[in-house]
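Fold and geometry: a report
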Amino acid sequence: MPTSGVLEPDAGSATAPALRDRLDDILDDHHALLGLYRDLAVLRRIDEQCLAMARQGALALWAPIAGQEAVLVGAARAAERHDHLFISYREALMAALRGVPPEQVLPMWRGSALGGWDPDEYGITNPAIIVGAHGLHAAGYAMAAALDGSQDRAIAFFGDGATSQGDLNEALNFAATTTAPVVFFCTNNQFAISVPVAQQTAVQPAQRAHGFGIPSLRVDGNDVLAVLAATRTATAHVRAGGGPYFVEAVTYRLGPHTTNDDPTRYRSAAELEAWRARDPVERMRRFLADSGLLTDADADEVRNAADDAAQRYRTACAELPEPDAAGIFEHVYAAPHPLIDEERRAYADYLASLGGAATPAGPAGPSTGKEVPR
Amino acid sequence: MALAPAIGAGLRRALEDDERVVIMGEDLGRLGGVFRVTDGLQKDFGERRVIDTPLAESGIIGTAFGMALRGKRPVCEIQFDGFVYPAFDQIVTQVAKIHNRTRGLVRMPLTIRIPFGGGIGAVEHHSESPEAYFAHTAGIRVVSPATPSDGYWMTRQAIAAPDPVIVFEPKRRYWEKAPVDFSTPPPEPLGGARLTDLGNGDAAATIVTYGALVSTAVEAAETAAPECGVEIIDLRSLSPIDFDTIEASVRRTGRLVVAHEAPVFMGLGAEIAARITERCFYRLEAPVTRVGGFHTPYPAARAESHYVPGVDRILDALDQVLAQ
Ligand SMILES: Cc1ncc(C[n+]2csc(CCOP(=O)(O)OP(=O)(O)O)c2C)c(N)n1
């Protein structure tokens, strides 16, 4: 399958008129184009900030997105508010695009909580760490939406490695056979940690969808306009009752898999440089500049927005509360549970016997799912 | 030598000695594994014997099962404890049962290595202790080396065993060093526990533990030493369990603490407490006491020190059994 793009074609991409047609409202709208560029630049700076915080030990881990910003921005901006996004760790900053504040994005990465935000409030799940699991969740969500007769859709984001998982293949099959309104969005960044995509799948991820009876589109993932147009194509298809749709965005992870990874062990500097030349943020900047749409004032405004966002992440991280022992025993069950109460009490007694304050207090009572942790 | 390279050396030796041995898993070839346990093996033995698999745990175990049917001796790596569940079905319904189903005609000499346990500040699903699920299943052996020497020798013994063996490797100890004697295997067989003589004279309590907690228990015993001698048993094998060695120690000390990181509820400690109570009821001076994880999800990294038993919680348990 060809890789479709919108921005200037290069080695792997071809301009696709069908994609351009999806962008009529944007291509003539200076404000919208600038907004996309601002999103890209902001994500780049937040990502840099988080990487730095991980290197300094303020975050336990970070999964960088440098090189993949156009995927997050294009897809998130194409989705409508009522579309429920099912994400993995690499899409954590998609939550930022949905308005999740940094103090709810960061706890998982800092290691101060297992989750962060209310998925219903923002229409985006907390990141799945078990690769592929959330593909099924998205399919089920979409099946339920269809049962309800609603216009809501689900979009599941996952990597090329995830397409190897049984769960993901089962999700494709469930969605196809039930014509569920779900978009499967595969970010092919060429690697699952160290394993290149060719060792993951013998055909392109987008082609695999066809075996399930799901139409697909392969798109230049370093071209924010192409990703946006492709996602719009996909969501329109599922909303029209056409059943699931599959998008493969072809891109490259410029950084390590996570801050624990050493990519020099599995890829060459030359390959990295070749992809750096296709940097999605710079590409959009150039497009705007060449079209005379990026004034100095615009550039300053974008730079300031990015700096502000990064600073908010740094401040929020520094202000995150330390988790205490009491929190361990909270929200394990929604209804009271005698074993939890017993263990909470015993551990409080133990802490008290050490001479410190006994943090785990008595039974927390029934959990409503929304209550503020004590 | 540290535990991780010692296990790697065991794998290397197995690849050298037996051409049927193949190693397979995610990222273990080119990258050498996320913990570098398999570092250099693919370079030296090639991609046909050290296989970077697709990202699919059920696929890894299921295809290894098929390879074993054709006479290979696959050694599978599951990257982290919390990722074994997609393979759970293959392990408990297929791998564990084939020997029995075929009335002994088919052997399943499959080894599954799983780095397990917490204390490394990881995100969720990277710090779990799922060993009880597997010890509960008949047909698989479950072992856990705590020292570099055991890492080397138990890896070799597991691969040589005629039955499926799951090796739970205490990832928190991967980089702790101790001497390894590559020429002489330890006296304990794969199923045997080891009594650690701390030279404290008459011991007043026994601590049974395994994996990462063995050195924590030794530290606790050293702290307790002026007032109370402690015998420490490194279980080494979680299924079967060497109850004879535990019984012999408890007959000397009369008091038993079982410590593990896994949740106490329905854990290995419950089985050990029940069996030892049956065997030593009249010798016990105090109820068997368990220390371990809570009936909660493994918490976020910055709270894990409350969850993983440390020296203080083991000392507290010792106090409890000694108070009676
Ligand atoms: C079930 C499962 N197995 C293994 C892992 C460990 N792991 C985390 S990310 C990853 C690679 C994922 O690659 P891909 O799906 O391509 O996504 P990317 O990281 O490239 O965004 C692996 C093997 C996991 N998280 N879950």
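Analysis parameters
- Residues numbered from 1 in each chain as written.
- Chains lettered and ligands numbered in written order.
- Predicted model: local features only at pLDDT ≥ 70, side-chain atom pairs only at ≥ 80, totals over all residues.
- Heavy atoms only, no water.
- Helix = DSSP H or I, 4+ residues; strand = E, 2+ residues; numbered from the N terminus.
- Rg over C-alpha atoms; globule rule 2.2 N^0.38 Å.
- Buried < 20%, exposed > 50% of the residue type's maximum accessible area, 1.4 Å probe, protein only.
- Contact = heavy atoms within 4.5 Å.
- Near = heavy atom within 4 Å.
- Polar contact = N/O pair within 3.5 Å; in protein donor to acceptor, adjacent residues only side chain to side chain.
- Areas by Shrake-Rupley, 256 points an atom, 1.4 Å probe, with all protein chains shown as cover.
- Nonpolar A, V, L, I, M, F, W, Y, C, P; charged D, E, K, R; others polar.
- Pairing = 2+ DSSP bridges.
- Axes fitted to C-alpha atoms, helices over the stretch in contact; angles between N-to-C directions.
- 1 Å grid on protein atoms, 1.4 Å probe; cavity = no way out; pocket = protein on both sides within 12 Å on 5 of 7 lines; lining within 4 Å.
- Points joined across faces, edges and corners; volume = space filled by probe spheres on them.
- Phe/Tyr/Trp six-rings, centres within 6.5 Å; stacked < 30°, edge-to-face > 60°.
- Buried area = accessible area lost by both parts, 1.4 Å probe.
- Salt bridge = Lys/Arg side-chain N within 4 Å of Asp/Glu carboxyl O.

1. Some details on the overall build of chain B
Secondary structure assignment for chain B yields twelve helices and twelve strands. Against the compact-globule benchmark of 20 Å for 324 residues, chain B has a radius of gyration of 19 Å, which places it among compact chains. With respect to the three principal axes, the spread of C-alpha positions in chain B is 60 × 45 × 40 Å. Buried residues in chain B amount to 61% of all 324 residues. Of the contacts made within chain B by residues no fewer than 6 positions apart, 82% connect residues no fewer than 24 positions apart.

2. Comments concerning the site of the ligand
In the vicinity of the ligand lie 20 residues, with Tyr89(A), Arg90(A), Ile129(A), Gly161(A) and Glu57(B) positioned nearest. More than one chain lines the surroundings of the ligand; the residues nearby belong to chains A and B. Here a nitrogen atom of the ligand sits 3.1 Å away from a polar atom, N or O, in the main chain of Val131(A). Here the ligand loses 96% of its free accessible area of 580 Å² to cover by the protein chains. The class makeup of the residues in the shell around the ligand is ten nonpolar, six polar and four charged.

3. Concerning the sheet that holds strand S7 (residues 194–196) of chain B
Residue and element names in this part refer to chain B. Pairing within the open sheet is mixed, and its five strands lie in the order S7-S9-S8-S11-S12. Only two strands of the sheet have a single neighbouring strand rather than two, namely S7 and strand S12 (289–293). Each strand axis lies, on average, 20° off the axis of its neighbour in the sheet, ignoring direction. Where strand S11 (residues 256–263) and S12 come together, four bridges link them in parallel fashion.

4. Things to note about empty space enclosed by the protein
Over the atoms, a rolled probe matching the size of one water molecule traces out where space is still vacant. Counted according to the given criterion, the structure contains three cavities of 30 Å³ or more. As for the largest cavity, its lining consists of Met108(A), Gly111(A), Ala113(A), Leu114(A), Ala122(B), Val123(B), Glu124(B), Ala300(B) and Ala301(B).

5. Notes on the side chain of Arg44(A)
Residue and element names in this part refer to chain A. Tracing the backbone through its elements, the reader meets arginine 44 in helix H3 (residues 30–55). A distance of 2.6 Å separates polar atoms of two side chains, one belonging to arginine 44 and the other to glutamate 69. Look past the residues within four positions of arginine 44 in its chain and what remains in contact with it is Ala66, Gly67, Glu69, Asp279, Pro280 and Val281.

6. Some thoughts on the packing of aromatic side chains
Using the criterion set out here, one finds 25 aromatic pairs over all chains in the structure. Both rings, one in Phe191(A) and one in Tyr252(A), keep their centres 6.3 Å apart while their planes meet at 80°; by these two values the pair is edge-to-face. Placement of Phe191(A) in strand S6 (residues 191–192) and of Tyr252(A) in the loop between strand S9 (245–250) and helix H13 (269–276) is noted, with a sequence separation of 61 residues between them. Ring centres of Tyr152(B) and Phe182(B) lie 4.7 Å apart, and the angle between their planes is 85°; on these two criteria the pair is classed as edge-to-face. Pair noted here: Tyr152(B) is in helix H7 (residues 148–160) and Phe182(B) is in the loop between strand S6 (165–170) and S7, with a separation of 30 residues, a long-range link.

7. Re the interface of chain B and chain A
Taken together, the contact between chain B and chain A spans 37 residues of the former and 43 residues of the latter. For the pair chain B and chain A, the summed buried area comes to about 3500 Å², and 61% of that belongs to carbon and sulfur atoms. Contact with chain A buries area across many residues of chain B, yet Arg30(B), Leu55(B) and Arg302(B) alone supply 22% of it, more than any other trio. The tally of links between chain B and chain A comes to two salt bridges.

8. A few points about the pairing of S9(A)
On a regular strand, one side chain projects to one face of the sheet and the next to the other, so that they alternate. Residue and element names in this part refer to chain A. Taking burial as the measure, the six residues of S9 include six buried ones, the bulk of the element. By the alternation rule, side chains of S9 split into Tyr245, Val247 and Ala249 and Phe246, Glu248 and Val250, which are all buried. Here strand S5 (residues 182–188) runs beside S9; their pairing, made up of six bridges, is parallel. Along S9, the bridge assignment pairs phenylalanine 184 with phenylalanine 246. The sheet contact formed by strand S8 (residues 216–220) and S9 spans five bridges and is parallel. Counted as the bridge partner of valine 219 is alanine 249 from S9.

9. Considerations on the sheet that holds strand S2 (residues 50–52) of chain B
What links the strands of a sheet is backbone hydrogen bonding, and the strands pair in either a parallel or an antiparallel sense. All names here are of chain B. With respect to topology, seven strands assemble into an open sheet ordered S2-S1-S3-S4-S6-S5-S10, the strand pairing being mixed. Every interior strand has two partners, whereas the edge strands, S2 and strand S10 (237–239), have only one. Each strand of the sheet is rotated relative to its neighbour by a mean of 20°, with strand direction disregarded. Relative to S10, strand S5 (residues 141–143) runs antiparallel, the two being bridged by two bridges. Opposite valine 142, over in S10, you have serine 239 as the bridge partner.

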